[in-house]
Amino acid sequence: MAKPLKVGLAGLGTVGTAVVQLLQHGRDKLAMRCGRPIEIAAVSARSRGKKRDIDLKAIRWIADPVALAADPAIDVLVEVIGGAGDPARRAVETALAAGKPVVTANKALLASHGHKLALLAERRGVALNFEASVAGGIPIVKTLREGLNGNTFTRIYGILNGTCNYILSRMEEDRLAFGDCLREAQRLGYAEADPSFDVEGHDTAQKLSILASLAFGTRVDPGAIYVEGISSITLADLDAAAELGYRVKLLGVAVRTEAGIEQRVHPTMVRRGSAIAQVMGVTNAVTIDAERLSPITLVGPGAGGMATASAVVSDLADIARGVRTAPFGRPAARMAAVRKAPMQHHEGGYYIRLLARDRPGSAATIARRLAQQQISLESIVQRHEIGAGGAVQHGRSGEAVPVILITYATSEDAVRKALAAVRRDRVISGRPQVIRIEKN
Ligand SMILES: NC(=O)c1ccc[n+]([C@@H]2O[C@H](COP(=O)([O-])OP(=O)(O)OC[C@H]3O[C@@H](n4cnc5c(N)ncnc54)[C@H](OP(=O)(O)O)[C@@H]3O)[C@@H](O)[C@H]2O)c1
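The text that follows walks through the structure, step by step, so that each part is easy to find. The structure presented is a predicted model; accordingly, all values stated were derived computationally and were not measured.

## Some details on the packing of aromatic side chains
Counting across every chain of the model gives 2 aromatic pairs. Arranged with centres 5.1 Å apart and planes meeting at 40°, the rings of F130 and F328 form a pair that is tilted. On the criterion of sequence distance, the pair formed by F130 in the loop between β6 (128-129) and α6 (140-147) and F328 in the loop between α12 (305-321) and β13 (347-357) is long-range, its members being 198 residues apart. Each member of the pair F130 and F328 is classed as buried. Judged by centre distance (4.9 Å) and plane angle (65°), the rings of Y166 and Y190 are edge-to-face.

Structure below.
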């Protein structure tokens with residue numbers, strides 16, 4: 001059999017440990033499929049003494065991940081340390097500059113430096129594979145980069161953060177408040193001690209920036225993404241969504257429009273019968289819309305050691321076989337800066353929940369402000385509290401009454417202007433809740 005592919009593994013945490021287990025467990029099958037064995041030659045992590053669930057006795061320890069990347073006994077670097085900065089960045093750059101292929105699961109690194117790293121990899125004629133960086137075990141990178149090579153993409157959208165999907169699913173299924181679900185997610189290890197990166201949408205934005213580059217050939221640019229998280233979503237919104245035939249999901253959406261590429265992350269109403277609406281819990285999903293092709297939805301585990309290791313090992317198998325594709329599926333030098341479609345130009349339906357002051361003229365004022373912005377309404381629901389015995393209780397004059405509006409397609413700009421005017425008119429209490437409706 002041909003000589004083995006010698007792997008230098010930087011990072012022995014959740015993902016790194018699972019990579020070791022998967023490579024050891026599947027050794028013979030992989031060797032048969034790739035025509036050569038894949039062997040871990042050396043590893044690196046922060047603390048050598050840490051107890052880990054793997055046998056590293058026969059494997060060299062190199063304390064510094066950058067030295068690991070430069071080590072002449074290593075054919076390929078697997079970087080599963082994480083973070084956009086050093087040592088992950090310098091280890092990856094060192095390996096590529098030395099003409100060694102790299103496999104990474106590091107979305108933060110790719111979101112910040114993806115284009116530069118792709119240029120370096122191509123200059124040195126080596127692979128930079130990052131299947132694990134988006135949606136863990138779902139082979140979405142390969143699908144966009146290779147499986148759908150002949151297609152023109154129009155829109156990519158997905159559930160890319162398991163923590164947020166878990167929280168929204170639990171809220172809906174068990175009628176719990178956002179804060180309770182978040183605390184439970186933290187207890188179960190689905191959410192970090194500081195959950196803001198996940199729940200405020202930034203994790204989804206990093207992943208979306210990578211998908212948008214693969215789909216539209218633009219340079220990775222998370223700064224071009226409009227980001228809103230799920231912390232303002234209430235049970236009232238989920239209930240209203242259900243009644244209206246929708247479900248609320250945190251989506252990352254990238255769309256090709258006349259004005260440029262629109263990239264946004266926000267809570268989204270999706271049709272309850274759609275494929276993406278069925279995805280509950282920590283599971284991820286991505287839907288691909290392309291010209292002359294019915295939508296494709298891939299669903300699967302978006303995180304976890306084994307799911308992520310599965311993607312890492314598949315990237316390694318390509319390298320072992322000698323398969324190399326440009327990291328973003330086209331020459332990096334030909335990738336243009338994103339022409340960003342301004343969020344104000346976004347067009348679609350909107351769900352708006354207002355607390356209207358229950359006094360004469362409130363409804364008429366709201367209707368007038370919407371009409372001034374040419375916003376037409378598909379439905380209006382005014383809610384009243386249900387008292388003992390099921391009797392409808394009208395608020396005392398001056399009390400706020402929840403009003404739910406669903407608009408026909410309109411622009412973000414029109415909605416923002418109309419709601420700013422309604423607030424100035426003092427006919428509502430508090431901030432209006434706005435959730436965009438995604439056609440699907
Ligand atoms: N976990 C997932 O489900 C998942 C899913 C998709 C993608 N990813 C990505 O995969 C990467 C790794 O994630 P993870 O969850 O496995 O992280 P993790 O459990 O925190 O592991 C990080 C590893 O890197 C090592 N490390 C940290 N700083 C280091 C340094 N300065 N020098 C050398 N080694 C250092 C740590 O060493 P010690 O063990 O000695 O502390 C640890 O082994 C990240 O980019 C993440 O975004 C993770």
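## Examining the layout of surface pockets
A volume near 1,300 Å³ is recorded for the largest pocket. Listed by contribution, the elements that provide at least two residues to the lining of the largest pocket are α1 (14-25), α5 (107-124), α7 (162-174), α9 (196-199), α10 (202-216), β11 (283-290) and α12. Classifying every residue of the lining of the largest pocket gives 19 nonpolar, 22 polar and 9 charged.

## A closer look at the site of the ligand
Near the ligand lie 22 residues; those nearest to it are L12, V15, S47, R52 and G304. V15 places a polar main-chain atom, nitrogen or oxygen, 2.8 Å from an oxygen atom of the ligand. K107 places a polar side-chain atom, nitrogen or oxygen, 3.2 Å from an oxygen atom of the ligand. When isolated, the ligand has an accessible area of 900 Å², and the protein chains bury 78% of it. Here the residues of the shell around the ligand are counted per class, giving 10 nonpolar, 8 polar and 4 charged.

## Notes on the pairing of strand β4 (residues 76-79)
Every second residue of β4 is oriented toward a common face, with V76 and V78 on one face and L77 and E79 on the other, all of them buried. Across 4 bridges, the pairing between strand β1 (residues 5-10) and β4 is parallel. Across the sheet, V7 pairs through a bridge with V76, a residue of β4. Across 3 bridges, the pairing between β4 and strand β5 (residues 102-104) is parallel. Looking across to β5, one finds that E79 is bridged to T104. A crossover links β4 with its parallel partner β5, the connecting element being helix α4 (residues 88-97), and its sense is right-handed.

## Some words on the sheet that holds β5
Read across the sheet, 6 strands follow the order β3-β2-β1-β4-β5-β6 without closing on themselves; strand pairing throughout is parallel. Each edge of the sheet is formed by a strand with only one pairing partner; in this case those strands are β3 (60-61) and β6. Both strand β2 (residues 38-44) and β3 contribute to a ladder of 2 bridges, which runs parallel. The residue bridging A42 from the neighbouring strand is R60, located in β3.

The rules we used
Residues numbered from 1 in each chain as written. Predicted model: local features only at pLDDT ≥ 70, side-chain atom pairs only at ≥ 80, totals over all residues. Heavy atoms only, no water. Phe/Tyr/Trp six-rings, centres within 6.5 Å; stacked < 30°, edge-to-face > 60°. Helix = DSSP H or I, 4+ residues; strand = E, 2+ residues; numbered from the N terminus. Buried < 20%, exposed > 50% of the residue type's maximum accessible area, 1.4 Å probe, protein only. 1 Å grid on protein atoms, 1.4 Å probe; cavity = no way out; pocket = protein on both sides within 12 Å on 5 of 7 lines; lining within 4 Å. Points joined across faces, edges and corners; volume = space filled by probe spheres on them. Nonpolar A, V, L, I, M, F, W, Y, C, P; charged D, E, K, R; others polar. Near = heavy atom within 4 Å. Polar contact = N/O pair within 3.5 Å; in protein donor to acceptor, adjacent residues only side chain to side chain. Areas by Shrake-Rupley, 256 points an atom, 1.4 Å probe, with all protein chains shown as cover. Pairing = 2+ DSSP bridges. Right-handed = clockwise from strand over helix to strand, strands pointing away.

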